[in-house]
Amino acid sequence: MGLLDDEDITPLVVVSVPFLGGLLGLGMVSALLARVRAATAGTGDQVVFADQISAGVRAFLIVENTYLTPVVAVCAAFIVAALQGHEGAGGWQTMLCFVCGALLSAGAGWAGMTIATEASVKTTEAAKHGLSRALEIAFAGGAVAGFYIVSIGILGLSILLYIFAVPQGSADTHDMFDAIRYLRGLALGASIVALFARVAGGIYSTALAGKVASNLQDDDPRNAAALANNVGSCVSNISGAGADLFESFVCAIVACASLASSAREVCLPFWIAGFGVVAAGGGVFTVSTKDDASQSDLERAIRRGIYAAAALAAALAVIWVQVLFDGNGIGWRYFACHVIGIVAGVLLGDATEYYTAAARSVRSSQVLGLGMLSGFPPAVIISVVVLACHGAGGAYGIAVSAVGMLSTLGVVLGAHAFTPIADNAASIAEMTPRCTEEVRRCTDTLDAAGNAGAAAGEGLGLGAAVLTAISLLNAFVADVPVACTVSAIVIPRCLADSMHLTDSTVIAGLIIGAILPFVFAALSTLSVRKVAGAAGVEVERQLRAIPGLLEGRDEAACDSTACVTACTKSSLNQTVLPGLIAVLTPISVGLLVGARCLGGLLAGTVASGLVLAATMRTSHARDVSPPAINVLMKLAAAVSLVLARVFRDDWVDWWRGGLVLALEIALCGATWYYVWVLAEDLESPEEDTETPAANRRLAQGKRTMRGGIPNPDAGIPDEGLRDSSLVKRSTRV
């Protein structure tokens, strides 16, 4: 059928291209990292500020990993307990892949955040020598994060596939399918980390974006929350976005391979990802500008890199068409799905950028309407992709389009990571007295131009999340052991044939799934004020506790690390409740009602989540809710796919589902009380008889919230609260 016979496609052949692509990606990381390391960080206050941001980043990551460790351990134990005893499920193998996925995702976030903080101050210093040099350092720093995340993802998948497939018989396609089934654990591990990194990171960055505390402006060095906000830029746009897209990347590959019907189809998503690293590398080298460039010139330079990578990825796809499919019809149909995915990713990025820019130019009363309208282009684009690719290659073709959309992730994520680097460079320049107005204009131009990269990343992130969730849903439906009888022949897996829209269980699942994104978004949005309150309490405490800080004495310095730690703990605490809902709801519905209802739930989550995320992205709730919805869609589908062989027909295991539902209600109720209600009383500020007004303001601020929800009986805060509370003044997209 191709240049390779069926028996030639062994696990070694499958992993050859992605493994080499991963090594090439690490080579790109080394080259770009050397470029950043060769640049100078300067001297004086800007280095001090950069060190404080770096310390804050480390504090955030340490606290986050402290929370993640027990969560990963509990989930790993649950996977083994749930899958052991089910034929072919591979509990221990899936658990090992799950742990590897969590470690790889967390490690990628750590590496990306570390290099971003280093690149920020060097971008500020490079701006003293011209805009071109500053762009070179900032984009190189972002590309390091992008290529590192892609490289370790593809290397992790390749190595684990080879380890689990080869001992079972390297030429047996069935054994490769067993290995692919175990890799679902890696996808779930990435999803769990994405939950904490993306959702908690989004809450953190939104709560601290553009704050004014105790009349200290958002770039005042005395304001501990100001430096903590610079950490938030990296948390949301590098660690969070990186974990989100890393999750999409590995989930799309695993879902596509799970839907394969031959060794060639197993091989295809891995090869697309491998060639995509090459294409992304070519795109990076096209990003450049001149010293007198305008903001629009910089935006065009970033888009040029994304477009070049997309074109190169489409051109390189001809290789696998010829090698795997000998240039026949099925190969070209998969090629069409691949190209459709690439084009759709570019269009989604452009549409997101257009509506984001439009939202800044309309009246606030019109933003909601514009946000609703902004959901139309993504809905149309995704619908066209699904229809076209299903017509070309069935459910497998849709999965190929998801992998194709993410094939140039290295350069797209690099452009997205460029945004917080430029943002922090502008903040450092603003806080450094020695920086001239010319330097500040340069860094501000970079910061504004970063919107193009952010929009591309957000648009692609939403499209990839939807297509990946659809692919995971299709893989789940294909693997659930719900049998049916056709002409006296028992078909062991035919859930797809029995899921009808007129089925009451499917309709119930659709309704439950449709409301989940709203619940998830509501909890994420309500959490922002609580974290902002934690920051306000910490800033007020430092102003009281550190002599001379409020007066601006040279010997007095704020403790930004303490503020980061307090806000990080609060953000992660707020993530527990939506995380429990995202993980346990699919399990309880699937066991209590059945696999059909769960399939409807997953479909409803995708349909509702797509439109809601696009709407909120434009309606100024963009930093927390839309990315959280992306994670929800994939996490719910990944949990369902990993446990697919546990679910049965309607009401068969209702008593097990009832136990899980009772557990979910108990855990959610306890979390609501301890994190959302009791914590408000425990976080009351220390008494300070010398500054009673400050304590009155903080107490009034706490009375305006009740159980995490605005208290309608509290009335309007007094003037002192308006002066002292954290006031959002976000200038970022």
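Conventions adopted
- Residues numbered from 1 in each chain as written.
- Predicted model: local features only at pLDDT ≥ 70, side-chain atom pairs only at ≥ 80, totals over all residues.
- Heavy atoms only, no water.
- Helix = DSSP H or I, 4+ residues; strand = E, 2+ residues; numbered from the N terminus.
- Buried < 20%, exposed > 50% of the residue type's maximum accessible area, 1.4 Å probe, protein only.
- Contact = heavy atoms within 4.5 Å.
- Areas by Shrake-Rupley, 256 points an atom, 1.4 Å probe, with all protein chains shown as cover.
- Salt bridge = Lys/Arg side-chain N within 4 Å of Asp/Glu carboxyl O.
- Core = buried A, V, L, I, M, F, W, Y, C linked by side-chain atoms within 4.5 Å.
- Axes fitted to C-alpha atoms, helices over the stretch in contact; angles between N-to-C directions.
- Parallel < 35°, antiparallel > 145°, perpendicular 65-115°, else oblique.
- Left-handed = near helix turned anticlockwise from the far one by under 90°.
- Nonpolar A, V, L, I, M, F, W, Y, C, P; charged D, E, K, R; others polar.
- Phe/Tyr/Trp six-rings, centres within 6.5 Å; stacked < 30°, edge-to-face > 60°.
- Expected span 1.5 Å × (residues − 1).
- Bend = angle between axes of the 7 residues up to and from the residue.
- Polar contact = N/O pair within 3.5 Å; in protein donor to acceptor, adjacent residues only side chain to side chain.
- Patch = residues over 30% accessible without salt bridge, like charges linked within 9 Å, V, L, I, M, F, W, Y side chains within 5 Å.
- pLDDT = per-residue confidence, 0-100.

**Focus on the overall build of the protein chain**
Scanning the protein chain from terminus to terminus reveals 21 helices and four strands. In the protein chain, buried positions account for 62% of the 733 residues. A separation of at least 24 residues holds for 82% of the contacts in the protein chain among residues at least 6 apart in sequence. As presented, the protein chain carries roughly 25900 Å² of accessible surface, and 63% of it is formed by carbon and sulfur atoms.

**Quick look at the pattern of salt bridges**
On inspection of all chains with the given rule, the structure shows 21 salt bridges. The closest approach of N and O atoms between Asp178 and Arg181, which form a salt bridge, is 2.8 Å. Of the two residues, Asp178 and Arg181 are both situated in helix H5 (residues 173–208); the distance of three residues between them amounts to about one turn of the helix. By relative accessible area, which is 11% here, Asp178 ends up buried.

**Quick look at the nonpolar core**
In terms of nonpolar packing, the biggest core is built from 246 residues, with Trp320 and Phe476 touching the most fellow members. Here this core takes 22 residues from H5, the largest share from any one element. Not counting residues up to four positions away in its chain, the partners in contact with Trp320 are Leu268, Trp271, Ile272, Phe275, Phe325, Gly331, Tyr334, Phe335 and His338.

**As for the packing of helix H1 (residues 11–38) against helix H4 (residues 131–165)**
Where H1 contacts H4, the axes come no closer than 7 Å and their chain directions differ by 155°. What the angle tells us is that H1 and H4 run roughly antiparallel. Crossing geometry of H1 relative to H4 is assigned as left-handed. A per-class count over the contact of H1 with H4 returns 25 nonpolar, five polar and two charged.

**As for the packing of aromatic side chains**
Given two aromatic rings, one states the distance between the centres and the angle between the planes to describe the pair. For the structure shown, the criterion picks out 10 aromatic pairs. Summarising the aromatic geometry, the rings of Phe164 and Tyr182 are spaced 5.5 Å apart at their centres and angled 75° between planes, so their arrangement reads as edge-to-face. Taken together, the residues Phe164 in helix H4 and Tyr182 in helix H5 connect sequence positions 18 residues apart. Of the two residues, Phe164 and Tyr182, both sit in the buried class. An angle of 75° between the planes, with centres 6.2 Å apart, marks the rings of Phe476 and Phe647 as edge-to-face. Placement of Phe476 in helix H13 (residues 437–479) and of Phe647 in the loop between helix H18 (625–642) and helix H19 (654–682) is noted, with a sequence separation of 171 residues between them.

**Comments concerning unusual backbone geometry**
Even without glycine at this site, Trp651 takes up a positive phi of about 60°. Within the secondary structure, Trp651 sits in the loop between H18 and H19. Taking relative accessible area as the criterion, Trp651 reaches 48% and is therefore assigned partly exposed.

**A closer look at H1**
Helical periodicity: at 3.6 residues per turn, an α-helix aligns residues three or four positions apart in one direction. With 28 residues, H1 should reach 40 Å at 1.5 Å per residue; the first-to-last C-alpha distance of 40 Å fits that figure. Most pronounced at Val17, the bend in H1 amounts to some 30°, and the proline Pro18 follows within four residues.

**A short note on the side chain of Ser608**
Inspection of the secondary structure puts Ser608 in helix H17 (residues 595–618). Taking relative accessible area as the criterion, Ser608 reaches 12% and is therefore assigned buried. Filtering out sequence-adjacent residues up to four positions away, Ser608 remains in contact with Ala514, Pro517 and Phe518.

**What about the environment of Val17?**
Looking at the element boundaries, Val17 is found in helix H1. Taking the relative accessible area as the measure of exposure, Val17 reaches 16% and is therefore buried. Apart from the residues within four sequence positions on either side, Val17 is in contact with Trp271, Gly274 and Phe275.

**Thoughts on the environment of Leu472**
With respect to the secondary-structure elements, Leu472 resides in helix H13. Overall, the relative accessible area of 1% leaves Leu472 in the buried class. Residues Leu472 and Leu602, spaced 130 residues apart in sequence, show a C-alpha to C-alpha distance of 9.4 Å. Those residues within four positions of Leu472 in sequence are excluded, and the remaining contacts are Cys251, Ala255, Lys634, Ala637, Ala638 and Leu641.

**Side note on the side chain of Glu538**
Tracing the sequence through the fold places Glu538 in helix H15 (residues 504–545). Polar side-chain contacts of Glu538 include one of 2.6 Å to the side chain of Arg541.

**Some thoughts on a nonpolar patch on the surface**
The grouping of Phe19, Leu20, Leu23, Ile159 and Ile163 at the surface amounts to a nonpolar patch, some 450 Å² of accessible area in total. Considering every element that reaches the nonpolar patch, the biggest residue donor is H1, with three residues. Among the secondary structure elements, Phe19 is positioned in helix H1.

**A word on the environment of Gln542**
Looking at the element boundaries, Gln542 is found in helix H15. Take Gln542: its relative accessible area is 1%, and that puts it in the buried class. Taking the C-alpha atoms as reference points, Gln542 and Arg222, separated by 320 residues in sequence, lie 9.6 Å from one another. In contact with Gln542, other than residues within four places in its own chain, are Ala224, Leu549, Cys558, Asp559, Ala562 and Cys563. Within the structure, Gln542 has its side chain in polar contact with the side chain of Glu538 (distance 2.9 Å). Polar contacts involving the side chain of Gln542 include one to the main-chain carbonyl oxygen of Asp559, which spans 2.8 Å.

**Notes on H17**
Along its 24 residues, H17 runs 35 Å from first to last C-alpha, staying within 8% of the 34 Å computed at 1.5 Å per residue. At Gly609, H17 shows its maximal kink, close to 25°. Of all 24 residues in H17, 21 are buried; the element is thus mostly enclosed.

**Some details on the confidence of the model for the protein chain**
The predicted model of the protein chain averages 83 in pLDDT, with 86% of residues at 70 or higher. The lowest-confidence element of the protein chain is helix H21 (residues 719–724), averaging 34 in pLDDT; the highest-confidence one is helix H11 (residues 376–405), averaging 94. When the criterion is pLDDT under 50, residues 712–733 qualifies, and its contacts beyond four places in sequence or with other chains add up to 57 contacts.

**Section: the packing of helix H3 (residues 91–126) against helix H6 (residues 224–258)**
The angle between the axes and the distance between the axes are what describe a pair of packed helices. Interaxial distance between H3 and H6 falls to 9 Å at its minimum, and their mutual angle equals 150°. The crossing of H3 and H6 is right-handed. In contact with Gly101, Leu104, Ser105, Gly109, Gly112, Met113, Ala116 and Thr117 of H3, H6 contributes Cys234, Val235, Ile238, Ser239, Ala243 and Phe246. Residues that form the contact of H3 with H6 fall into these classes: eight nonpolar, six polar and no charged.

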